Amino acid sequence: MMKALFLSILALLPAAASAQRDTLGVLERSSVFSAEDERAVAGFHTESPAMMLYRSEQSLSQISLRIDLRREQEALLQPLGDGAFDGGFYAESYRRLSERSATWADARYVRGNRRNVCWNSTADYLLLYPCITADSAGGNLSTEEYAFGGGYVHRVGRFDLAIRGDYRAGQEYRQVDPRPHNVVSDFTIKLGVGMQFPQYVLGLDLQGRLYKQDQDIDFFYPPSSELYMTGLGSYYTRYSLNSESFNIGYDGKGCLLAAQLMPRHAKGWYARAAFESLTTERLNKSNNTVPITRLKTRQATLSAAYRSGRWSLRAGGGYELRRSIEMIADRTGHSVIVDEQAMYKNRIWHADAEATVEWRRGTVNYMLSPRAEWRQSTATYAYPVRRMRLAQFCGAVRGSAEWLRPQWRVKATAGIGCYVSPDEEVSLSNVLNNISEYLTYTAARLSGRAVAPEVSLRAERRLSRNLACFAEAGWTPRFYSGGLSEHVLTATFGILF
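This write-up is about the structure you can find in this document. Quick caveat: nothing in here was measured; it's all calculated off a predicted structure.

Turning our attention to the overall build of the chain. Assigned secondary structure in the chain consists of six helices and 22 strands. Taken over C-alpha atoms, the radius of gyration comes to 24 Å for the chain, in line with the 23 Å a tight globule of 497 residues would show. Overall, the C-alpha framework of the chain stretches about 70 × 50 × 40 Å when taken along its three principal axes. When contacts within the chain are restricted to residue pairs at least 6 apart in sequence, those whose partners lie at least 24 apart make up 67%. Looking at the chain as shown, the accessible area adds up to about 23,000 Å², and 59% of this sits on carbon and sulfur atoms.

Two modes of strand pairing occur in sheets, parallel and antiparallel, and in both the strands are linked by backbone hydrogen bonds. Read across the sheet, three strands follow the order β4-β9-β10 without closing on themselves; strand pairing throughout is antiparallel. Among the strands making up the open sheet, the edge pair consists of β4 (133-134) and β10 (234-236). Bridge count between β4 and strand β9 (residues 227-231): two bridges; the pairing is antiparallel. Note on β9: the bridge partner recorded for Ala134 is Leu227.

With respect to the helices, strands and loops of the structure, Leu321 is situated in strand β14 (residues 311-329). Linking Leu321 and Val410, residues 89 residues apart in sequence, is a C-alpha distance of 43 Å. Discounting residues that sit within four places of it in the chain, Leu321 has contacts with Lys296, Thr297, Arg298, Asn346 and Arg347.

Together, Leu97, Tyr152, Ile163, Phe187, Ile189, Leu191, Leu206, Leu210 and Leu257 line one region of the surface with nonpolar side chains, adding up to about 780 Å² of accessible area. Of note, Tyr152 is situated in strand β5 (residues 139-156). Classification of Tyr152 as partly exposed rests on a relative accessible area of 36%.

Quick look at helix α6 (residues 433-446) now. In a regular helix each residue adds 1.5 Å, so 14 residues correspond to 20 Å; α6 covers 20 Å between its end C-alpha atoms and thus fits that length. Looking only at α6, the buried set comprises Ile435, Tyr438, Leu439, Thr442, Ala443 and Arg445. On an axial view of α6, the arc spanned by its buried residues comes to 165°, and they lie on one face. Facing away from the buried side of α6, by more than 90 degrees, are the exposed residues Asn433 and Glu437.

Before going further, it helps to examine the nonpolar core. With 36 residues, the main nonpolar core has Trp119, Tyr228, Tyr239 and Ile435 as its most contacted residues. Of the residues forming this core, the biggest block, four residues, is contributed by α6. Residue contacts for Tyr239: discarding those within four places in its chain leaves Tyr228, Phe246, Asn284, Asn287, Val290, Ile292 and Ala329. In terms of nonpolar packing, the next biggest core, distinct from the first, is built from 23 residues, Phe44, Met52, Val153 and Leu496 among them.

Mapping Arg168 onto the fold places it in strand β6 (residues 159-173). For Arg168, the side chain forms a polar contact with the side chain of Asp124, separated by 3.1 Å.

Analysis parameters
Residues numbered from 1 in each chain as written. Predicted model: local features only at pLDDT ≥ 70, side-chain atom pairs only at ≥ 80, totals over all residues. Heavy atoms only, no water. Helix = DSSP H or I, 4+ residues; strand = E, 2+ residues; numbered from the N terminus. Rg over C-alpha atoms; globule rule 2.2 N^0.38 Å. Contact = heavy atoms within 4.5 Å. Areas by Shrake-Rupley, 256 points an atom, 1.4 Å probe, with all protein chains shown as cover. Pairing = 2+ DSSP bridges. Patch = residues over 30% accessible without salt bridge, like charges linked within 9 Å, V, L, I, M, F, W, Y side chains within 5 Å. Salt bridge = Lys/Arg side-chain N within 4 Å of Asp/Glu carboxyl O. Buried < 20%, exposed > 50% of the residue type's maximum accessible area, 1.4 Å probe, protein only. Expected span 1.5 Å × (residues − 1). Arc of directions from axis to C-beta. Core = buried A, V, L, I, M, F, W, Y, C linked by side-chain atoms within 4.5 Å. Polar contact = N/O pair within 3.5 Å; in protein donor to acceptor, adjacent residues only side chain to side chain.

What follows is the structure, given as structure tokens:
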């Protein structure tokens, strides 16, 4: 993986040659990209490959080493553990080839560990829940991930034609019982086309996705059991037996269709509507690779925004439906599916709004960004009847100040967010005591009030007109009403060109 990473980084280095044609120096270009990334309309460029042609008239590349540390007094989500420590190499580049074409790429290699992961032995938990394997013992996990991707867009007449591909490979493992070894392969390809009108561009995106995960869980001594979870405390009794090893596979296929409208020259109205689908089967490889669950995830999102010279506004919302279908196989040894039932449903609604305002005082650029977000999740299990409903509202504000000098660029950011939960309902029946305690505790933690400040500082030093080094540090704690807290620290060092 390291060899592939360095090859990916070397592929980004030719972008330095294009910087010779840029009209701005490296610090000015970094300032432009940073301001674009903070505006409320930033996502409209990065979500659609065809719209990347309008992201910037400048080019910028970055190679960095980043360290991430997370510590929680008690895990908010036990399947993700109460802490993590990761270190990785990252490379990203946006290269403007001409007025009619642009290309971009990114790559990363990350190694680390997660502490005290419990009630989950499956990688990509947030993608695959509730169809995961779990146990109450848990433990620390070592993780490794390599990913790379890139895209290209070119204008032909009135049309912008684009393509983007991404690949992610990862593994996680543990050296003590239970010993999961999960290997993930995730590939997506997206095609985009934009049609130009006098003031606006109308774009269409089509994406395909292939997801696979191979999971081996071993017990050296003594043999124990892994639970094949199916939602809200339910699990397959038939497959969750004492054994020295478990072999599970996940096979997923997905697609995305989206339409987008945005102005050709930054100022004006933005809009995007998208529908995404992913269907993943969980396969019991220990039993003739019989499918035992099918998870169908459907998500629809809609957002609209307006950008003026010094301010921008955006509002959006979405709906996600997760349905777990349990498969029933015959007992003749042929592994024929004789019945299937949709037992678990999770409906998630969300809405958010944000704004950004920019102004300049002397030699300092300021930016202020308030944001509000609401989210509600209702999960049900058909039989025995179980239900969990959670809601959360967040109000936050973030501000930044930037000093730009001939040899230095310094940017300081600070913000604070407040989380409240106006609604909580947990109704569980016929659930094992330890699983019931885990689910009830999780619901209480997710519904707790919290205050989340954040601070970060970034300093860039110019080495030549088109080369600079930088260092950045950030701290994002969260303090809960019950007295618990969590802390996330990041430190990044690298070069810009």
